[in-house]
Amino acid sequence: MTPPQTVVLRRGDAGPAVAAVCERLVLSGDLPGGVGTTDTDGHPVFDERVEQAVKSFQQRRGLIVDGIVGRSTYAVLDGARWALGDRVLRYVPEHFVEGDDVVALQGRLAELGFTPGKVDGLHGPATDAALRAFQAAVGLTPDGTAGPETMRAFAGLRRSVSGGSANALREREHLRRSGYSLSGRTIVLDAGHGGSDGGAEGRNGLVEARLALDLARRIEGRLSAHGVSVVFTRTEATEGGSDEERAAFANSCDADLVLSLHTDHSESGSAHGVATYFYGHPDNAKHSDWSVIGESFADLLLREVVARTGLTDCRSHARTWPLLRRTRMPAVRLDLGYLSHAGDAEALSHGHTLDHVAEAVVVALQRVYLGEADTARTGVLRLDDLRRHLEAMRAAQVESVSSDRTVG
Ligand SMILES: [Zn+2]
């Protein structure tokens, strides 16, 4: 089926091009098989039946439903027949290759932690870059050509998929199935240090271990109000143990998420600000291990904390620390300011700052479970707004079983 650059097929047309279109429509399930109208040469005629099939195809694929096979309908129709591996895929500037196999390729790359951009079935520059990064990561020539070698690499990974990619899939699937509500979840709050280990000591008599536990309590109160079961890795009386032990404990609780609470300290006294950490290798191009939900929560939490407290944004970072790596559920560590910094220590010595942080935790958690439908601006979303937003969302879900509805 050679791409017709100018040809537009519509009702009344006949010939080999119409025959090819009919073939695709039968394959896509839009046109029932069997003999339709033919012309004197025996070629199928673009009759009402074909027109209906074109419309149904256009409808399903989100194209303009006009029953006419123009350039865009043709391209999508042509792309629909390709399964990943059927043809060699590569980036062609000016004329992006399009098809269901490109969708599959983008999906595989995304699963494995490479970022092909939007999964839109168009083989553009972002998909090209992700494909090359993948090839380099598995030791192939990064030529951007998804041929048999690359397909074998994908197949091999599918069998022995390990760490982050399987992890990412499981996380997403878990999130999808568990729905939008916080209620019924189990969150492990890990107040850093404890027992004989007080952690950092700073200005205003602040001690990291005590501060972390104080914050954990404030978070617990709010989460419990939302129906969340909160489990602590330690209390005043108990030691939390090593990060490995804390991770094992979280795994034994079968928690949905772990939040570890720390503060920072620096000799110079000038360092300040808040940072979050999630599981991932800092050099993602070479590793597919990555916690997608962890990253999402780390980003949201950071933004919410910064917006509410005015502490400096020191960004979120991928790390392979034991607590992040050994937990089976998404885990995020919050480093809330530097106790060695005058401004940070001042802010953290006030209970209301910790209350703002606790609220940020709940809102960020809720936003993780809202997923991509959540478009509210950071820092302005109050818990009450959030509840209303969720109720509206649930009502919309009940109305329509279809899950592809977007919420503004
Ligand atoms: Zn610490």
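Look up a bit, the structure's there.
Residues numbered from 1 in each chain as written. Predicted model: local features only at pLDDT ≥ 70, side-chain atom pairs only at ≥ 80, totals over all residues. Heavy atoms only, no water.

1. Considering empty space enclosed by the protein
Okay, so step 1: This structure, assessed with the given rule, holds one cavity of 30 Å³ or more.
Okay, so step 2: Contributing to the lining of the largest cavity are Leu211, Ala212, Leu215, Leu261, His262, Thr263 and Leu336.
Okay, so step 3: Residue assignment for the lining of the largest cavity shows that the elements contributing at least two residues are α8 (208–225) and β5 (257–264).
Okay, so step 4: Classifying every residue of the lining of the largest cavity gives five nonpolar, two polar and no charged. (1 Å grid on protein atoms, 1.4 Å probe; cavity = no way out; pocket = protein on both sides within 12 Å on 5 of 7 lines; lining within 4 Å. Points joined across faces, edges and corners; volume = space filled by probe spheres on them. Helix = DSSP H or I, 4+ residues; strand = E, 2+ residues; numbered from the N terminus. Nonpolar A, V, L, I, M, F, W, Y, C, P; charged D, E, K, R; others polar.)

2. A look at the packing of helix α4 (residues 100–111) against helix α5 (residues 125–137)
Okay, so step 1: Following both chains from N to C, one finds α4 and α5 inclined at 55°, their axes separated by 10 Å at the closest point. Taken together, the axes of α4 and α5 lie oblique to each other. When you trace α4 past α5, the crossing you get is left-handed. When α4 is examined against α5, the residues Leu105, Gln106 and Leu109 are found in contact with a partner set consisting of Thr127, Ala130, Leu131 and Phe134.
Okay, so step 2: For the contact of α4 with α5, the residue count by class is five nonpolar, two polar and no charged. (Axes fitted to C-alpha atoms, helices over the stretch in contact; angles between N-to-C directions. Parallel < 35°, antiparallel > 145°, perpendicular 65-115°, else oblique. Left-handed = near helix turned anticlockwise from the far one by under 90°. Contact = heavy atoms within 4.5 Å.)

3. Considering the sheet that holds β5
Okay, so step 1: Taken in spatial order, the six strands of this open sheet run β4-β3-β5-β8-β6-β7, and their pairing is mixed. This sheet does not close on itself; its edge strands, each paired only once, are β4 (229–232) and β7 (313–319). The mean inter-strand angle of the sheet, taken between neighbouring strand axes irrespective of direction, is 20°.
Okay, so step 2: Sheet strands touched by α8: β3 (186–191), β4, β5 and β8 (331–338). Its angle to β5, the strand with the most contacts, is close to 145°.
Okay, so step 3: On top of the sheet, helix α9 (residues 243–253) reaches β3, β4 and β5; it is set at about 165° to β3, its chief contact. (Pairing = 2+ DSSP bridges.)

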